[in-house]
Amino acid sequence: MPLGGADGEWGAETESAAARATVERGTENPMAQFAQQMLLAYGYSLPRFGADGEFWEESVIATIQYQQDHGLVADGVIGVVTWKDMLQVG
């Protein structure tokens, strides 16, 4: 996983990396694509654009649904808390 430490543990360095890897509306980069791939792997639908690396409305809606389903703050932003949950850490 891109956010895991070399030791496979979620520590301060991983937390810092996750904070820098925030994905939100308008993000267009490999982390956005990875987030979309995670959403698809969890069964969330991205029917129009799939994992194209461009995090727009379709991805935000799927993220909000994921966050609601997992008891997280449903803001459509993949930050530290959502990354940690998606990567099943802790």
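A quick note: this is a predicted structure, and the numbers were derived from the prediction, not measured.

Conventions used here
Every residue gets a number counted from 1 within its own chain, in the order that chain's sequence is written. Totals for whole chains, interfaces and linings use every residue, but because this is a predicted model, local features are given only for residues with pLDDT of at least 70 and side-chain atom pairs only at 80 or more, for both listing and counting. With hydrogens and water excluded, all non-hydrogen atoms of the structure serve as input to the side-chain values. Helix numbering and strand numbering both begin at the N terminus, where a helix is a DSSP run of H or I of at least 4 residues and a strand a DSSP run of E of at least 2. Burial status follows relative accessibility: with a 1.4 Å probe on protein chains alone, a residue under 20% of its type maximum counts as buried, one over 50% as exposed, and anything between as partly exposed. We call two residues contacting when some pair of their heavy atoms lies within 4.5 Å. Residue exposure ignores everything except the shown protein chains as possible cover, and the areas themselves are Shrake-Rupley values with a 1.4 Å probe. In summary, the pairing rule links any two rings of Phe, Tyr or Trp, Trp by its six-membered ring, whose centres are within 6.5 Å, and it sorts them by plane angle into stacked for under 30 degrees, edge-to-face for over 60 and tilted for everything else. Here the positive residues are Lys and Arg and the negative ones are Asp and Glu; neither His nor the chain ends is included. Throughout this description, the term salt bridge denotes a Lys or Arg side-chain nitrogen within 4 Å of a carboxyl oxygen of Asp or Glu. Counting of polar contacts relies on pairs of N or O atoms within 3.5 Å, with two restrictions inside protein: one atom must be capable of donating a hydrogen and the other of accepting it, and residues adjacent in sequence are counted only when both atoms are side-chain atoms. As a per-residue quantity, pLDDT reports the predictor's confidence and falls between 0 and 100. In this description, a nonpolar core means a group of buried Ala, Val, Leu, Ile, Met, Phe, Trp, Tyr and Cys residues linked to one another through side-chain atoms lying within 4.5 Å.

Helix and strand counts for the protein chain stand at four helices and zero strands. Starting at the N terminus, the α and β elements of the protein chain follow one another as α-α-α-α. The buried share of the protein chain, reckoned over its 90 residues, is 39%. Counted over contacts in the protein chain with a minimum sequence separation of 6, partners at least 24 positions apart contribute 47%. Within the structure as shown, the protein chain displays about 5,100 Å² of accessible surface, and the carbon and sulfur contribution to it stands at 51%.

Tallied over the full model, the rule gives three aromatic pairs. Measuring from centroid to centroid gives 5.7 Å for Tyr 44 and Tyr 66, while their planes differ by 70°, and the two rings are edge-to-face. With Tyr 44 in the loop between α2 (30–41) and α3 (57–69) and Tyr 66 in helix α3, the pair connects residues that are 22 residues apart, well separated along the chain. Among the aromatic residues, those joined into a ring-pair cluster are Tyr 42, Tyr 44 and Tyr 66.

Quick look at the environment of Trp 56 now. Looking at the element boundaries, Trp 56 is found in the loop between α2 and α3. Of the residues examined, Trp 56 reaches a relative accessible area of 42% and is grouped as partly exposed. Spatially, the C-alpha atom of Trp 56 lies 8.0 Å from that of Glu 24, the residues being 32 residues apart in sequence. If we ignore the near neighbours within four places in the chain, the residues touching Trp 56 are Arg 25, Gly 26 and Glu 28.

Moving on to the side chain of Glu 58. Take Glu 58: it is sitting in helix α3. Although buried, Glu 58 forms no salt bridge, and the nearest oppositely charged side chain, Arg 48, lies 5.5 Å from it. Here Arg 48 takes part through its backbone nitrogen, which lies 2.7 Å from a polar atom of the side chain of Glu 58. Beyond its immediate chain neighbours, meaning those up to four positions away, Glu 58 contacts Ser 45, Leu 46, Pro 47, Arg 48, Phe 49 and Gly 50.

Summarising the model, the protein chain shows a mean pLDDT of 88, and 89% of its residues fall at 70 or more. The least confident element of the protein chain is helix α1 (residues 12–20), whose mean pLDDT is 75; the most confident is α3, at 98.

Another aspect to go through is the nonpolar core. Counting residues in hydrophobic clusters, the biggest one holds 22 residues, and the most contacted among them are Val 23, Phe 55, Ile 78, Trp 83 and Met 86. For this core, the secondary structure elements donating two or more residues are α2, α3 and α4 (80–86). No other element matches the six residues that α2 contributes to this core.

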